[in-house]
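Remarks on the overall topology
Read off the chains here:
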Amino acid sequence: MLLQRFDQRLCFSSANPIAGPSSSAPSHRFLRLLPRRSHARRIGLAAECSTGTHCSPAMEEDDGGQGYRLPPKEIQEIVDVPPNPSYYISPRRDRIMFLKRRAMPSLSELAKPDKILAGIWIDPSSNTRSRMSFYTGISIHLLMDDGSLGPEKVVNGYNENAKINFVGWSPDGQHVAFTVHYEDEVDSGSNLALWIADAENGKARPLFKSTDIILNAIFELYVWVNDSTLLVSTIPPSLGDPPMKPLVPFGPRIRSNEQRNIIQMRSTKEMLKDLHEEELFDYYATSQLVLVLLDGTMKPVALPAIYTSLDPSPDEKYLMLTSVHRPYSSIVSYKRFPKKVELWTIDGRFVREICDLPLAEDIPVAANSVRKGKRSIRWRPDMPSTLYWVEAQDGGDSNVEVSPRDIVYMELAEPLNGEKPQVLLKLDLRYRKSYWCYGSFALVYEYWYKTRRTRTWVISPDKENLIPRLLFERSSEDAYSNPGSPVMCRTPAGTLVIAKIKRNCEGSYILLKGQGATPRGSTPFLDIFNVDTGEKERLWESDKEKYYESILALMFYHPKCEVHLDQLKLLVSKESRRETTQYYLKIWSNKKQVQITNYPHPYPQLALLQKQIIRYHREDGVKLTATLYLPPGYNPSIDGPLPCLIWSYPGEFKSREAAGQVRRSPNKFARISNNFPLLWLARGFAILADPTIPIIGEENQEPNDRYIEQLVASAEAAVNEVVRRGVAHPDKIAVGGHSYGAFMTANLLAHAPHLFCCGIARSGAYNRTLTPFGFQKEMRTLWEATDTYIKISPFMSANKIKKPILLIHGEDDSKVTTAMQSSQFYDALKGHGVPCRLVILPCEQHQYAARESIMHIIWETDRWLQKYCANDCGGNKVMEANVETSQSPSEAVLDSKALTLNFTKISSLIKLIWLAFARFISSKSKKSMQ
C-alpha cells in the first residue's frame, strides 16, 4: 500500500451524500482512513473535480461572471425536499384538510414587476400582495369515529398547475373557499379567481358566474358571513386604468415640521413618496364589497373604500368594516393612516361609526407605546353581537406615568337608549389579549416590557359587581413558570372560545397546554385547571426520554363548547431526534392514540446525525445552552476534532436567571431549512446551533450598555465548550448569523478575533447611527445613548477586523437592515484590507425566497467555509493524500477534516498513520488466523 499525500478534510462528490451504517458492518465510523475508491464513490466521498483534485465544486477560485451557482449535489438534494403538507381542521372537527406545498419559488416569480406602496408589496397584474407563497393541491379526509382518517377526497376541477391560496372553511365545514391563480393566455397577465369546493366529494367550481368580477386581495379578500354567504372584496367596476406618472413633476417634494411635533420612528423605505404614489395606492387598494351566495348571486354592500378588515358578527347580523383614508403619510405605513371603523347590517344598512382615528405619525418609539383612541376592536366570540375594545389612558405614550394605563370597554352593536359603554377592566400595564368562555368568564392579559411583568386576570363580563381576580403574575422571561394557554373550541359561528371541561365536582374547569420548559429540556403538558380556586392537575405530559409530543388542537365539537373528559379528543404531533413529525389523534376514553400521517424521512442521508443539548457557563456564571449537531457515525475520541460552524442570534434579558433557562428539547426532530447551517453536516462540519447569547440588563441597567463584553463572553464560552468536548478544532471555527445574528457575527470578528477563523453575515445592519430611533429591543435613541450606538456598531470597528467575512444581502430589503448597510460595511472593510466578499441578491428582501438565490447563497457559504475554515484544497492549498487499501468498506471511511502538514500538527499525522498501520496489521492477522 502506497501512502501518498493525505488530506484529512471531507471532499464530497456530487453523487451521494453521507451514507448511514452498512447493514453488514458491526461498526461504522464516519471518520477513518480513505477507503478503496469503489467504496468512496458509493458513500459519495472523494470524487474528482474537473481540475483533477479531490475538492468540492464550491472551491473554484475564479467565479466571476458565472451567474447563479449551485452547491454540491448532496446539499441540493436536501434543500430541494418539498415540505410536508399543512393541515387545516374543519370548524366541526369532523374533517381534516391537507394542503400540499412546494419547496421554493423560482426567481422569475420574484422578478415580476411590482409596486411598493405604504409599506406593502403589490402585484399590479392580479391585485394581490406580491411574492406570496401558495399551495399546489388540496385533499380532504373525513375523521372516523375510531380516530382514523377516511378515504382521501382530492379537490378537483381546476388546472393541474394552479397556484392555490386564501383557503377557508365555511362555518359548518361543508364547503371550502380558495383562490386559483392562473396566467391569462390572451394578454399574458395574471388573474385571481375565487372557487368553492364541496367538502363531501371534492368537486370545485368558480364562485362568480361572470368573468367580469375581478378580486382585490391587497388586504382581506373574503370572509364567510354564514354557511352559504361570503363577503368578498372586488375591484370597483368603474376603476379604469391605473394613473400614469406625469412627465413633468407637479412640484417639489416638501416635508415640514414647523409645528414642532415630536415624531420618531425606525427607518424603512416602503412609504408613499409623492402624489402619484398616493394615487396608485388609492387605485390598487380600493375595494367594492359584495355579498355572494354559493349559487353566485351577489349584491354590493357599503361604498367603495380601502377596506383593511372584514368582521361579521357571530349572529350573522352585522358587518364591522375597517378602512383607511386620506390624508396619507410619507413616513409611516398604511397601519397608521387615518382609520375608520363602521357597522353595517348584513342587508346593507349603515348602523353607525364606531370610530374615526386620525393619522398616527407620532406614536413614541418606546416599548408599549400605542395609538391613541380605540384599538383592538373585536366582536365578543361568545355573544351574538357585542363589541369590546381598549383605550389608552396615557395618550399611548408608555413614558407617561398614569393609573390606570388601559381600560377595556364593552357595548352592544346597537346600544339601547344611548347607553354608555361598560367598563370591563382597568389595567396598570398594557393590554395584550383576551380569551372568552361563553359568558362564564374571560381571561385578560396585560404586559409591560421594561419590567417584563405579565399578569392574567379573570373577569365575569356578564355579572354585575364582581371584582376582577388576578390569576397569574410572573416574569414573561420566566419560561419555567409559564402556566400555559387555554385550549380553545370552535363555536357554531366559527369563532374561538375557551373549552369548558365538565366534571362531577364543582368549579369552572378549563384545559391549559404549554411547552413545559424545564432544566432538562421542554416537556409539553396538558393541565386541567380550576379557574375558581387556581388548583390544577396534570392530565398528560410528553415523553421525556425519546419523543417530543405537543398538543395542537381540540378535536371535539359542542355548540356550547362543553367537553367531558371521557369525550376528549386531541390532535397531537409527535417526533424524535431521528423521526420526522407525525400527527396523531389522542382519544381519552380508551387511552388510544391513532397515527393519521406517515411522512417519510425528508433527508435519509442524514437520518443518523447526532444531536444533543449541551449546558455550560459564561465566565460571569450565567448558564448557557446550545444544540450540538455532529455528522452520522462521528466519534471525537477516534476521529478527532472537526471544523465547526456556530450560528446564533443574541437575545435581551432582564435577569441572569431567565437568561440561563432551557427553552428547547433534545427530542425534537432536526429540521434542515434551506437557510439553516445544518446543511453543513453533509460537508463534515460540527454545528453549534443557537447557542444562547444573552445580553442582560438587570434592574435599571440597559442590556446594550454591556453588549460587547457579554457577546464576547458568551461566544468564548461556546467555543471553549466545543473545543473541550473534542468535537471542534480550535483553529477551524466559523461564526455566522442572519439579521441581528449578522450584526453579532461582525462584532465578534471585530472584538474576539482569537475565537473564529471566518464569518458569514446575512442581511445585517452594521452602522447603528443609521437606525437612530432604536433597533431590536433597544428603545433609547442615538442621542440618548450615543456612546452605546457607536461602540456596538461593527462599522465603527471595521479597522479591527482581520478575519475573512462573507456579506450577503437582499437587494430589496426594506427593513432597517437595507442593502446599503452591507454595501457601506464592505467598503469600510475593503478600505482596511480585510478579506471580504459582498453578495447582493437581486429581487430578494430581508428573507430570501427564490431557489436560484438560496442555492447560490449555499454555494457562497460552502465556498467560504471550505476555503477559510475547513482548509479545503482550493483555499489554502493544503497538501493532499490518497490512501488505497484493501480494507472492507465497514472498516475504513474517509476522515472529514483538513490535516495541514506543518510542524505544530505533525503529531496528529503520525498518530493517524500509526492507527492505519495498526488496523492494517490487525486485519492481516485476523485473515491469517482464519
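Parameters and conventions
Residues numbered from 1 in each chain as written. Predicted model: local features only at pLDDT ≥ 70, side-chain atom pairs only at ≥ 80, totals over all residues. Heavy atoms only, no water. Buried < 20%, exposed > 50% of the residue type's maximum accessible area, 1.4 Å probe, protein only. Helix = DSSP H or I, 4+ residues; strand = E, 2+ residues; numbered from the N terminus. Pairing = 2+ DSSP bridges. Phe/Tyr/Trp six-rings, centres within 6.5 Å; stacked < 30°, edge-to-face > 60°. Lys NZ or Arg CZ within 6 Å of the ring centre and 35° of its normal. 1 Å grid on protein atoms, 1.4 Å probe; cavity = no way out; pocket = protein on both sides within 12 Å on 5 of 7 lines; lining within 4 Å. Points joined across faces, edges and corners; volume = space filled by probe spheres on them. Nonpolar A, V, L, I, M, F, W, Y, C, P; charged D, E, K, R; others polar. Salt bridge = Lys/Arg side-chain N within 4 Å of Asp/Glu carboxyl O. Contact = heavy atoms within 4.5 Å. Axes fitted to C-alpha atoms, helices over the stretch in contact; angles between N-to-C directions.

Description of the pairing of strand S14 (residues 287-293)
The element S14 is extensively covered by neighbouring structure, given that six of its seven residues are classed as buried. Judged from the six bridges that link them, strand S13 (residues 229-234) and S14 form a sheet pairing that is antiparallel. Of the residues in S14, the one forming a bridge with Thr229 is Leu293. For S14 and strand S15 (residues 298-312), the ladder comprises five bridges, and the chain directions are antiparallel. Paired with Leu291 across the strands is Lys299, a residue of S15.

Section: the packing of aromatic side chains
Centre distance and the angle of the planes are the two values used to describe a pair of aromatic rings. This structure, assessed with the given rule, holds 26 aromatic pairs. For the pair Tyr158 and Phe178, a centre-to-centre distance of 5.8 Å together with 75° between the ring planes defines the contact as edge-to-face. Of this pair, Tyr158 sits in the loop between strand S7 (149-154) and strand S8 (163-169) while Phe178 is found in strand S9 (residues 175-183), placing the two residues 20 residues apart along the sequence. Each member of the pair, Tyr158 as well as Phe178, is classed as buried. Aromatic side chains Trp389 and Tyr409 sit 5.8 Å apart centroid to centroid with 25° between the ring planes, which places their arrangement in the stacked category. Of the two residues, Trp389 is situated in strand S20 (residues 386-392) and Tyr409 in strand S21 (residues 406-412); the sequence distance between them amounts to 20 residues. As far as the burial class goes, Trp389 and Tyr409 line up, both buried. Within the aromatic cluster, the residues linked to one another by ring pairs are Tyr649, Tyr707, Tyr740, Phe743, Phe775 and Tyr789. The positively charged end of Arg452 is found above the aromatic ring belonging to Tyr449, 4.0 Å away from the centroid.

Re the layout of surface pockets
Considered as a void within the structure, the largest pocket measures approximately 1500 Å³ in volume. Looking at the largest pocket, it is lined by 50 residues, and the ones nearest its centre are Met271, Ser333, Tyr334, Lys335 and Arg336. Tallying contributions element by element places strand S19 (residues 374-379) first for the lining of the largest pocket, with five residues. Residues of the lining of the largest pocket, tallied by class, amount to 19 nonpolar, 18 polar and 13 charged.

Observations regarding the environment of Gly494
The topology assignment puts Gly494 in the loop between strand S28 (488-490) and strand S29 (496-498). Residues Gly494 and Asp172, spaced 322 residues apart in sequence, show a C-alpha to C-alpha distance of 7.8 Å.

Digging into the pairing of strand S38 (residues 592-595)
Note that strand S37 (residues 582-587) and S38 share four bridges and pair antiparallel. Bridge assignment links Leu585 to a residue of S38, and that residue is Val594.

Concerning the pattern of salt bridges
Scanning all chains against the criterion turns up 40 salt bridges. When the shortest N-O distance is used, the salt bridge between Arg349 and Glu414 registers 3.5 Å. Taken together, the residues span a long stretch of sequence, with Arg349 in the loop between strand S17 (339-345) and strand S18 (350-357) and Glu414 in the loop between S21 and strand S22 (422-427) at a distance of 65 residues.

Focus: the sheet that holds strand S3 (residues 115-117)
With antiparallel pairing, three strands are arranged side by side in an open sheet as S3-S4-S5. Whereas interior strands pair on both sides, the edge strands pair on one side only; in this sheet they are S3 and strand S5 (128-129). Contacts from helix H4 (residues 275-285) reach S3 and strand S4 (120-123) within the one sheet, and its direction differs from that of S3 by about 100°.

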